[in-house]
Amino acid sequence: MTRVQLTDVVKRYDDVVAVEDMNLDLKDGEFITLVGPSGCGKSTTLETIAGLTKPTSGTVTIGEREVTNLPPKDRGIAMVFQNIALFPHMDVYDNISFGLRLRDFPQEEMDQRVEEAASIVQLEGMLDRMPDEMSGGQRQRVAIARAIVREPEVFLMDEPLANLDAKLRVNMRTELQRLHKQLDTTIVYVTHNQAEAMTMSDRIAVLNEGELQQIAAPLTCYNEPANSFVAGFIGSPSMNFVDATVGDGTLDAQGYSVSFETAAIEGVSSGEPVEMGIRPENIYLTTNSAEARDPGDPIQVETDVLEPMGDQIFVYLKEISAADDDGMSDIEERQGLLMSVDPATDIWEDQQVEIVLDRAWIHLFDADTGEAISHGVVSDTGIGADVEQDSAQAD
Ligand code: ADP
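Residues numbered from 1 in each chain as written. Predicted model: local features only at pLDDT ≥ 70, side-chain atom pairs only at ≥ 80, totals over all residues. Heavy atoms only, no water.

## A look at the sheet that holds strand β20 (residues 363–366)
Then comes step 1: With respect to topology, six strands assemble into an open sheet ordered β13-β12-β11-β14-β20-β21, the strand pairing being antiparallel. Here the strands that pair on one side only, and so sit at the sheet edges, are β13 (256–259) and β21 (372–375). Each neighbouring strand pair of the sheet contributes to a mean axis angle of 35°, computed without reference to strand direction.
Then comes step 2: Inspection of the sheet shows β20 paired to β21 by three bridges, in the antiparallel sense. Paired with Leu364 across the two strands is Ser374, which belongs to β21. (Pairing = 2+ DSSP bridges. Helix = DSSP H or I, 4+ residues; strand = E, 2+ residues; numbered from the N terminus. Axes fitted to C-alpha atoms, helices over the stretch in contact; angles between N-to-C directions.)

## Quick look at the sheet that holds strand β4 (residues 57–62)
Then comes step 1: Overall, antiparallel pairing links the four strands, which are arranged β2-β1-β4-β5 in an open sheet. Two strands lie at the open edges of the sheet, namely β2 (16–26) and β5 (65–66), each paired on one side alone.
Then comes step 2: As judged from the two bridges shared by β4 and β5, these two strands associate in the antiparallel manner. Counterpart to Thr61 in the pairing with β5 is Glu66.

## Comments concerning the site of the ligand
Then comes step 1: Tyr13, Val16, Ala18, Pro37, Ser38, Gly39, Cys40, Gly41, Lys42, Ser43 and Thr44 make up every residue found near the ligand.
Then comes step 2: In the environment of the ligand, an oxygen atom lies 3.0 Å from a nitrogen or oxygen atom belonging to the backbone of Gly41.
Then comes step 3: Between the ligand and Ser43 there is a distance of 2.8 Å, counted from an oxygen atom to a side-chain nitrogen or oxygen.
Then comes step 4: Considering the ligand on its own, with 570 Å² of exposed area, one finds that the protein chains cover 59% of that surface.
Then comes step 5: Listing elements by their share of the shell around the ligand, those giving two or more residues are β2 and α1 (42–50).
Then comes step 6: Examining the composition of the shell around the ligand, we find that three residues originate from one element, α1, more than from any other. (Near = heavy atom within 4 Å. Polar contact = N/O pair within 3.5 Å; in protein donor to acceptor, adjacent residues only side chain to side chain. Areas by Shrake-Rupley, 256 points an atom, 1.4 Å probe, with all protein chains shown as cover.)

Limitation: the analysis is restricted to geometry and does not speak to function.
Listed below in structure tokens is the structure:
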């Protein structure tokens, strides 16, 4: 179990800043996932921990040692990559034990370590198989076993599941969680897949354009995103974003208003533009009494296309434009909010419906910087209090 720290790490390639002023403090035995879109600096950060990349400035500490200038082999780390590089002419035993053989491990200890690692990744009985006799998932498990036998202080994994098919990826997620529980080793895991990050990690570090946006428990990032980037990146389908202006006790979007409690929001003043965020599951049909927790401010809208998913229906709503002279909303055929409803809901396309945005789950972001201003715009539903409690526990 080992703590990993990155302090003020910067990595530049000529004009490109791959990593900007990265500060990470990963606890002993933690499963941390670095997540973000392609090119945001995840691999560079991981390679800096591994020693495959030397930071332009800043320091890396693993355990009690500063390792910034140490080569990878002296850092007590093992890496698993996306491209599983097994030796095709070696069987599973030889592939797993390759690193140990290079270091002249005694046969008996080597046998014992290989057997233990094979059993952890459930490859017992397959030690004499050749790589081309195995499935992609099995080969990836060989690569993980090869890392395990080295008994590293820290596991570094760069998109190790990216080349596997969707079903196998989901299975391997569970296996990796089991592996982490069993080994109790610090794991730093890189993925661009937010679902992978959400399901496996103790904490996730969300990166964008080389900068750390938020590091927190997955549900904290989901429920209390630090800014609109994290809010939009974490969660699928993505959070809806609406431009709004702060009015007198109301958030005025185009064509509708939502009332808020001044006490629930600090730091906004009347007339200020804000970005309002709401997740699809926090928009309810007023007719769906099982869902509608917030009596809120009903909004008339027309449904667009529906996507029945089996466990829920995604309902695209047409954009609500500003009220006409006659005071009625003019509904146009442009994309508006996305809501999700219970699969038993009686709903069809081009239907007039009444919705409500659950104000306990409306997020407000600064219109310029995207920084979060508030999570929830009312305080009396009791839901916001739950969030605080949950995230305190998760941290
Ligand atoms: P990610 O893993 O999040 O996809 P990377 O860490 O690989 O992102 O890359 C971050 C940024 O640094 C990208 O803009 C990428 O093009 C740039 N970059 C990475 N490696 C190099 C390199 N060896 N030379 C020049 N630019 C690089």
